[in-house]
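What follows is each chain in one-letter form.
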Amino acid sequence: MTALPPFLRERGERAADTFSDLPASARDDAVRVFALSDFAEGAAVRQTEWFLEALGQERFADPFTAVSLADDSAAMLPADGTMAPLQQGLRRLRQRYQLWLVWRHCLGSASLEDTLAGATLLADALIDAALCRLYQSLCRERGTPTGRESGKPQRLVVIALGKLGARELNLSSDVDLMFCFPEAGITVAAEGGRAGEQNQQFFLRLGQQLITALDPVTVDGFVFRVDMRLRPYGSSGPLAVDFAAVEDYYATQGRDWERYALMKARVAAGDLEAGAELLNTLSSFTFRRYLDFGAIDSLRAMKARLVAERQHLEDVKLGPGGIRDIEFSAQMQQMIWGGREPALRTPTLLPVLSTLGELGHFQAQQVERLTDAYRFLRNTEHSLQAEDDRQTQRLPTSELSQARLAATLDFPDYSAFLEVLDGHRQSVAEVFDGLLGESAVDAAAGLRVWQHAGDPEVLPEVLATLGFGDGNALAEALGALALARDRGSVSADAKNRLDRLMPELIEDALALPAPTLALTRALPVLRAVLRRSAYLALLSENPSARRHLLELVSASFWLATSLAEHPAFFDALLDERALTVVPDRAALAGALAEDLARHEDDFEHALEVLREFKSHHVFNVALAELRGTLSLMRVSDALTWLAEAVLEEALTLAWRDNLTRFPEYADRRPFLIVGYGKLGGIELGPGSDLDIVFIHDLPTSASQFLHRLVRRLLHVLTAPTYNGSLYEIDTRLRPSGNAGTMVSSLDAFVDYQQNQAWVWEHQALVRARPVAGDPALARRFAAARRELLAAPRELAALKEAVLTMRERMRAQLPRDAEAMDLKRGSGGIVDIEFVVQYLVLAHAHAHPALTEFTDNVRILDAVEAAQLLPAQAAARLKEAYLALRAEWHRTVLDIPDSERAARTLSRYREDVSAIWQGVFDDGQPG
């Protein structure tokens, strides 16, 4: 620590000299603390015996604990709750432990977290100790409050808000409290006590007594200044209300600033368990499920009030770049994103800042600067308050206080402190001033268009003048949106937000190469979200989100339709992580299982959860593919893992539902879903259906169970609900196709493949793999597949069968599509797949590695390793296959570029056809 200025050290020495029994080892510390804090000197004088004992035992070397607080509370507070002794005991306790906190802060031996945690622990302990004694006393006097419905004794719940709620209490803070109790009812007489009083009256009286115990300044000082203005209805509302009334208030009258306040709510004393249940219930009010840009206007108003309240620029809390600005910067992001990001639902600021950085809502440099500034400003606040135990955040004007502040924070002088302070406040101001800024778009042309949206005679001409192409079609779409806006079912907020957004969106569209296409496709999306106007606010407040939307709908009608059907996908327009980070198989399965766990007993709701989960992840992956941030292989991996997770949970749902009729199968689940085609080959695209086959290992007596299970499973997968169906399912690759049973035993499946299957069914088996179900059965199936594929075959017959099947497929293709069809055209995807499948069936008996994988790229690696194709030929096939599949994905997403598709096919057709001829016509391997 920096040496004290001489005049401060002299003050400290004079104060230390008044304690004749001061331990020599503690003298230097006492000199420093007394030089910096009049409060510390006064508290030590008032409780000299305890103070000297604490120094002798070196208690101040470590933070105090809840145990020491509890022991001292038991010794110093009256058990019967008599007010005057209770007030005195609480104040003396508070002085002791406040001295402990100030001592460690002035010596620099406590971190910011230590001081915040200690101040919070002290407040919680004293409030709860007072409440327990007052409650017991009042119960003896007036009876025990009892719930009308439950018949159980009721206790008060003290909810802390503000800094106490966030466990960030400062050294001389007031406490924001709210009093609640679980149930309405009446008091029940104790022996000799009164009875029949309404619970609310009881808890009103108890709350008043608690405030009296804590708040007034007596000869012994005060405990905490109590602020109750954040309760429902504020100062005009009842002091204590039951949970039902609290829930009703926030559901019907809660305002955005109250959501802001509840973000820091925590149960500090009383019935902790009941209070936690209440806050859990209120969480849906505090943190909206979908991105909450609807609160932007309220947040902007809050920000304006913060700026307007800056009466003292030298206030480190309320002044520019102060503590309040940091808190608002973080809580604004919590209010918007907290419903979708559970990690943000914490009241404590420093972890929130860190999480905002990890989630990408703040830049790493912003997080670092806000964190450093917060630590510095809070330590400054504590140093200001440590001097005389006053609730102040204003920089001092006297030379003595300035010197004390600088020394407490380890600066050589006050000017050095001010230089660092100014740097931190500037860093905070840069972030705060950039929040919720008004749009900088010059929307004059857009405003002109939107003002004429309801005029079909003038609008086409206006559009044509501005450079929109088909003015009539776009005019019709704009008119439909304007008509939808003016319906009585659309709220005033939605109308205002749409009117603010549209000129900006029109201007943004004009900057694109195809403005008419972009705007025409965007308008149905806006109509779909008119009644969820928070999304209109999202677009209005975020120019980048508007541009993303227009680029997205221009490029892909598939994604535009998905966005209109699922407005919650709007968050992907802002979340850059969704464009680059794909959850792995385990993470997807875990997240889906967690979502479904909350609906174990609600089959129909579980179907909606499955569909919403699947749609959300498919949209994110498709968007990332469209933006070029995920490679084709990673896209297919992600969509395949997603399908596997969905199939696993769908099977679990169907099996569990089937047990109501067949409980005897509760302990065993020898059932398997086998994926074929793109699912089996780990090559799913955004719109892919699923080719699946069902395998079991149950006795023949289980046929009725299996029949119903498969029906329920297909219902889970294909039943249309509010969120659509999960997947299109194709089961025709099962043994005997549509003529066969829906589910086969493994033995029957193997027998069919060995004795009845066509060659094309063996080709399909190349891409088959277990995707959901019993792991042991999956291993047996995989072994059987490898054995089936590795069976020796007569090459001439095999080649003839493969070529016949390919010619049959080609004959079904229209002649004019041969040169354009990426999948079935000559030199296209199917040709490459047939080459790979032929090589596996022809050579797996000699090269078992060909059966290890089911995706064409890794099979081609094995083909190359076995020297069945020259390395150059194998590499060219892989390159062609990936390029053609990528172009096929673009076609599915409705990206309008048929010329590019034709160029891609022509680029590889010659090489693929040459390799085909080498394998099939010449009889040579390439």
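Refer to the structure presented above.
Residues numbered from 1 in each chain as written. Predicted model: local features only at pLDDT ≥ 70, side-chain atom pairs only at ≥ 80, totals over all residues. Heavy atoms only, no water.

**Concerning the overall build of the protein**
Condition: Helical segments are the DSSP runs of H or I of at least four residues, strand segments are the runs of E of at least two, and each set is numbered from the N terminus. Think of it in three bands: with a 1.4 Å probe and only protein chains considered, a residue is buried below 20% of the maximum accessible area for its type, exposed above 50%, and partly exposed in between. Contacts are residue-level and defined by heavy atoms, with any inter-residue pair within 4.5 Å sufficient.
Across its full length, the protein holds 40 helices and 12 strands. If you line up the protein on its principal axes, its C-alpha atoms span 110 × 75 × 60 Å. Across the 926 residues in the protein, those meeting the buried criterion constitute 56%. Across the protein, contacts joining residues at least 24 apart in sequence account for 74% of those joining residues at least 6 apart.

**A closer look at the environment of Thr561**
Assignment of secondary structure puts Thr561 in helix 26 (residues 557-565). Separated by 37 residues in the primary sequence, Thr561 and Pro524 place their C-alpha atoms 8.5 Å from one another.

**Some details on the nonpolar core**
This is how it is decided: The term nonpolar core refers to a set of buried residues drawn from Ala, Val, Leu, Ile, Met, Phe, Trp, Tyr and Cys, joined through side-chain atoms within 4.5 Å.
Core analysis: the largest hydrophobic core is formed by 78 residues, its most contacted members being Phe34, Phe51, Trp103, Leu177 and Phe179. With 12 residues, the single largest contributor to this core is helix 7 (residues 112-142). Contact partners of Phe179, with chain neighbours within four places excluded, come to Leu156, Val157, Val158, Gly207, Leu210, Ile211, Met228, Leu239, Ala240 and Val241. By size, the runner-up hydrophobic cluster in this structure holds 57 residues, among which are Leu672, Ile859, Ala862 and Phe920.

**Focus on the state of the cysteines**
Short version of the rule: Disulfides are defined as cysteine sulfur pairs within 2.5 Å.
Applying the stated criterion to the full structure yields zero disulfides. As a non-bridged cysteine, Cys132 has Cys139 as the owner of its nearest cysteine sulfur, 11 Å distant. Cys180 forms no disulfide, and the closest cysteine sulfur to it belongs to Cys132, at a distance of 17 Å. Residue Cys180 is classed as buried on the basis of its relative accessible area of 0%.

**Re the packing of aromatic side chains**
A ring pair, where both rings are aromatic, is described by two values, the distance of the centres and the angle of the planes. Quick reminder of the rule: Pairing of aromatic rings covers Phe, Tyr and Trp, the last counted by its six-membered ring, and requires centre-to-centre distances within 6.5 Å; plane angles under 30 degrees mean stacked, over 60 mean edge-to-face, and any other angle means tilted. As a reminder, the over-ring test applies to NZ of lysine and CZ of arginine, requiring each to be within 6 Å of the ring centre and within 35 degrees of the ring normal.
Evaluated as defined, the whole model comprises 32 aromatic pairs. Consider the rings of Phe51 and Trp103, whose centres lie 5.6 Å apart with planes at 65°: the pair is edge-to-face. With Phe51 in helix 4 (residues 48-56) and Trp103 in helix 6 (residues 83-107), the pair connects residues that are 52 residues apart, well separated along the chain. A relative accessible area of 2% means that Trp103 is categorised as buried. Measuring from centroid to centroid gives 5.3 Å for Phe60 and Trp103, while their planes differ by 50°, and the two rings are tilted. Remark: Trp103 occurs in helix 6 and Phe60 occurs in the loop between helix 4 and helix 5 (66-76); sequence separation between them is 43 residues. Assessed through its relative accessible area of 5%, Phe60 is described here as buried. Clustering of aromatic rings is evident, with ring pairs tying together Phe19, Phe34, Trp50, Phe51, Phe60, Phe64, Tyr97, Trp100 and Trp103. Of note, Arg94 hangs over the ring of Phe222, and the distance from its end group to the ring centre comes to 4.7 Å.

**Here's the deal with the pattern of salt bridges**
How we decide: Definition used for salt bridges: Asp or Glu carboxyl oxygen within 4 Å of a side-chain nitrogen of Lys or Arg.
Under the definition given, this model contains 42 salt bridges. Note that Asp657 is salt-bridged to Arg712, the shortest N-O span being 2.7 Å. Linking Asp657 in helix 30 (residues 632-658) with Arg712 in helix 32 (residues 703-718), this pair joins segments that are 55 residues apart in sequence. We classify Asp657 as buried; its relative accessible area is 18%. Ionic contacts of the salt-bridge type, sharing partners, join the residues Arg11, Asp38, Glu387 and Arg404 into one network.

**Points about the environment of Gly685**
As for its position among the elements, Gly685 is in the loop between helix 31 (677-680) and strand 9 (690-696). Classification of Gly685 as buried rests on a relative accessible area of 11%. Separated by 49 residues in the primary sequence, Gly685 and Ser636 have C-alpha atoms spaced 6.0 Å apart. Those residues within four positions of Gly685 in sequence are excluded, and the remaining contacts are Leu639 and His889.

**Focus on the packing of helix 6 against helix 16 (residues 364-386)**
Stated precisely, the cut-off is as follows: Here the axes come from fitting lines to C-alpha atoms, over the contacting stretch only for helices, and the angles between their N-to-C directions go from 0 to 180 degrees. An angle counts as roughly parallel when it lies under 35 degrees, as roughly antiparallel when it exceeds 145, as roughly perpendicular when it falls between 65 and 115, and as oblique in every other case. Two helices cross in a left-handed way if the nearer one is turned anticlockwise from the farther one by less than a right angle. They cross in a right-handed way if the turn is clockwise. Under this grouping Gly is polar, as are all residues other than the nonpolar Ala, Val, Leu, Ile, Met, Phe, Trp, Tyr, Cys and Pro and the charged Asp, Glu, Lys and Arg.
In contact at an axis separation of 10 Å, helix 6 and helix 16 are set at 120° when each is read in the N-to-C sense. Accordingly, the angle class assigned to the pair helix 6 and helix 16 is oblique. In this structure, helix 6 meets helix 16 at a crossing whose hand is left-handed. Residues Val102, His105 and Cys106 of helix 6 lie in contact with helix 16, whose contacting residues are Asn379, His382, Ser383 and Ala386. Of the residues assigned to the contact of helix 6 with helix 16, the class counts are three nonpolar, four polar and no charged.

**Concerning helix 22 (residues 492-510)**
Stated precisely, the cut-off is as follows: One fewer than the residue count of a helix, multiplied by 1.5 Å, yields its expected span. Note that bend, as reported per residue, equals the angle between axes fitted to the 7 residues terminating at that residue and the 7 residues originating from it.
Spanning 19 residues, helix 22 covers 28 Å between terminal C-alpha atoms, matching the ideal 27 Å at 1.5 Å per step. Approximately 30° is the largest bend angle found in helix 22, and it occurs at Leu501, with the proline Pro503 only one to four residues beyond. Restricting attention to buried positions, one finds in helix 22 the residues Ala494, Arg497, Leu498, Leu501, Met502, Pro503, Glu504, Leu505, Ile506, Glu507, Asp508 and Ala509.

**Some details on the pairing of strand 12 (residues 769-773)**
Cut-off, in case you're wondering: For two strands to count as paired, DSSP must find a minimum of two bridges between them.
Counting buried residues along strand 12, four of its five residues qualify, which places the element largely inside the surrounding structure. Pairing of strand 8 (residues 671-676) with strand 12, which is carried by four bridges, proceeds in the antiparallel orientation. Among the inter-strand pairings, Gly675 is bridged to a residue of strand 12, identified as Arg769.

**Notes on the environment of Ala110**
Structurally, Ala110 is set in the loop between helix 6 and helix 7. On the accessibility criterion, Ala110 (14% relative accessible area) is buried. Taking the C-alpha atoms as reference, Ala110 lies 42 Å from Ala245; in sequence the two are 135 residues apart. Ignoring sequence-local partners within four residues, the contact set of Ala110 consists of Arg104, His105 and Thr115.

**Considering helix 14 (residues 323-337)**
Under the 1.5 Å per step criterion, the end-to-end length of helix 14 is 22 Å for 15 residues, consistent within 8% with the ideal 21 Å. Here helix 14 lies mainly inside the structure; 14 of its 15 residues are buried.

**Considering unusual backbone geometry**
Not every positive phi belongs to a glycine, and Arg167 is a case in point at roughly 60°. For Arg167, the position within the fold is in the loop between helix 8 (162-165) and strand 3 (175-181). Here the phi dihedral of Gln867 falls at roughly 60°; this positive angle occurs in a residue that is not glycine.

**Side note on a negative patch on the surface**
The cut-off we apply is this: Nonpolar side chains (Val, Leu, Ile, Met, Phe, Trp, Tyr) within 5 Å and like charges within 9 Å form the patches, drawn only from residues with over 30% relative accessible area and no salt bridge. Using a 1.4 Å probe, the Shrake-Rupley method yields the accessible areas, and only the shown protein chains count as cover for residues. Charge assignment in this entry is limited to Lys and Arg as positive and Asp and Glu as negative, and neither His nor the chain termini are counted. Where a charge lies is defined by one atom per residue type, namely NZ (Lys), CZ (Arg), CG (Asp) and CD (Glu).
On the surface, Glu600, Asp601, Asp602 and Glu604 cluster together into a patch of negative charge. Residue class for Asp602 comes out partly exposed when judged on its relative accessible area of 35%.

**Overview of the packing of helix 5 against helix 7**
Relative orientation of the contacting elements helix 5 and helix 7 amounts to 35°, with a least axis distance of 10 Å. The handedness of the crossing between helix 5 and helix 7 comes out as right-handed. Of helix 7, the residues touching helix 5 (which contributes Ala66, Leu69, Ser73 and Ala74) are Leu121, Leu122, Ala125, Ala129 and Arg133. Classifying every residue of the contact of helix 5 with helix 7 gives seven nonpolar, one polar and one charged.

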